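Read off the chains here:
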Amino acid sequence: MKCLISVVVPVYNVEKYIDRCLNSIINQTYRKLEIIIVNDGSTDNSRKIIDKFSKMDSRIIVIDKTNGGLSEARNVGINAATGDYITFIDSDDFVSYDYIEYLYSLIEKYKVKVASSFYQIISSEDEIKTNEEYIDQKLTAREAVNKMLYRENIAHIACGKLYSLDLFRNKPTINFSKFFSRKEYYEFNPVENSMYKFPVGILNEDLALIYFLIIEAGSIAQGTKKTYYYFSNPDSISRSRVKKKDFSVFSLYEFVSSVILDYYPDLDDAVLEFRNTIYVKLYKRIMLNQRNDYKDEQKFIKEQLKKSMARTIKSKIRRVTKIRSIVGGLSDSLFIILCKVENIMGAKS
């Protein structure tokens, strides 16, 4: 007998995209779903579009709330879920029609609590590419965490994965209290009422939870089929202006890394890859768009890259990360040239 799967869709002012998203969900080949749409205080026509779909499909459950952000909306969905498994789909994204069936088949095949598929970043539907050849495998939690840190076919995002709801219902086994050595780490606490939740009021909320769910699961199924389509405005990230709050990712990295290394101390190179990538990506946005802003933060990033340069050179991190890190630590002008050349060549991060 097939399991009930909960699909949580947070919605906030996405009238341009929600039709496409909900169409991709109600037409899933896996039919035994409860579709939980959390309207997070939308002020556009999103609610009217939700109404249209709820009249079409009795599996849809609509929850209205005042605006509180993505994490809070997801947590409301988690609390309302009654399925055996749960997945998260952002309302400006969409999925292939076999998205849930594929992930559930991996869960069943490998008898695991988490399954992950490929996602594709697109700025229009014309860019969708299906991969006819794909593989799947079972990974230990350590292997999965290592791949996530290196961004090898598993992203540290909540979407594109299917989770046993027990992971959000059972008491966490990780003792987070011992990692709160600095008070700023408390805002990243992924536990509320002895259950895992997305931390509210922070950036990079996925990063603050997904690694811990993988550790708790013990193993995962990884499939390389592209089933999740992440919509991205090509101008919105690389050209978006850096805000003061963006730098909180440094403390978040330190918190997440301390937990990972407590469980897997041999993943120090993978953690360095993770760290340097965070520094370099933010440094690139500042140097290309706001070079006269955040001078103290620029100095901090450059000092961190320079301080770890010897270790970076000796490490097994990706060659591209080594080059970016070394150049970033040595010369602003060379780093800007490198970034501009990468943009011209369309280099991936």
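Anything mentioned here points back to the structure above.
Residues numbered from 1 in each chain as written. Predicted model: local features only at pLDDT ≥ 70, side-chain atom pairs only at ≥ 80, totals over all residues. Heavy atoms only, no water.

Draft legend 1. Region of the structure containing the nonpolar core. The biggest cluster of nonpolar side chains holds 109 residues, and the ones touching the most others in it are Phe-88, Tyr-163, Phe-168, Tyr-211 and Phe-255. The greatest single-element share of this core, amounting to eleven residues, is contributed by helix H9 (residues 268–289). Those residues in contact with Tyr-211 that sit more than four places away from it in its chain are Val-145, Met-148, Leu-149, His-156, Val-256, Ile-260 and Phe-274. (Core = buried A, V, L, I, M, F, W, Y, C linked by side-chain atoms within 4.5 Å. Buried < 20%, exposed > 50% of the residue type's maximum accessible area, 1.4 Å probe, protein only. Helix = DSSP H or I, 4+ residues; strand = E, 2+ residues; numbered from the N terminus. Contact = heavy atoms within 4.5 Å.)

Draft legend 2. The arrangement of the side chain of Arg-74 in detail. Relative to the assigned elements, Arg-74 resides in helix H3 (residues 70–80). Residue class for Arg-74 comes out buried when judged on its relative accessible area of 0%. Ignoring anything within four residues of it in the chain, the contact list for Arg-74 reads Val-8, Pro-10, Phe-88, Asp-90, Ala-158, Cys-159, Phe-198, Glu-205 and Asp-206.

Draft legend 3. Representation of the pattern of salt bridges in the model. This model, assessed by the stated rule, comprises 20 salt bridges. The residue Arg-59 makes a salt bridge to Asp-57 at a minimum N-O spacing of 2.8 Å. Each member of the pair, Arg-59 together with Asp-57, is buried. A salt bridge links Asp-136 to Lys-109, with the shortest nitrogen-to-oxygen separation between them at 2.8 Å. One end of the pair, Asp-136, is in strand E7 (residues 136–140); the other, Lys-109, is in helix H4 (residues 99–110), and 27 residues separate them in sequence. On the basis of relative accessible area, Asp-136 is assigned to the partly exposed category, the value being 25%. Within the structure, one salt-bridge network assembled from shared partners comprises Asp-40, Lys-65 and Glu-72. (Salt bridge = Lys/Arg side-chain N within 4 Å of Asp/Glu carboxyl O.)

Draft legend 4. The arrangement of the packing of helix H7 (residues 210–217) against helix H8 (residues 249–263) in detail. Put simply, H7 and H8 touch, their axes get as near as 10 Å, and they point 20 degrees apart. Of the possible angle classes, the one that applies to H7 and H8 is roughly parallel. For the element pair H7 and H8, the recorded crossing hand is left-handed. Along the contact surface, H7 presents Tyr-211, Phe-212 and Ile-215, while H8 presents Phe-255, Val-256, Val-259, Ile-260 and Tyr-263. Of the residues belonging to the contact of H7 with H8, the class tally is eight nonpolar, no polar and no charged. (Axes fitted to C-alpha atoms, helices over the stretch in contact; angles between N-to-C directions. Parallel < 35°, antiparallel > 145°, perpendicular 65-115°, else oblique. Left-handed = near helix turned anticlockwise from the far one by under 90°. Nonpolar A, V, L, I, M, F, W, Y, C, P; charged D, E, K, R; others polar.)

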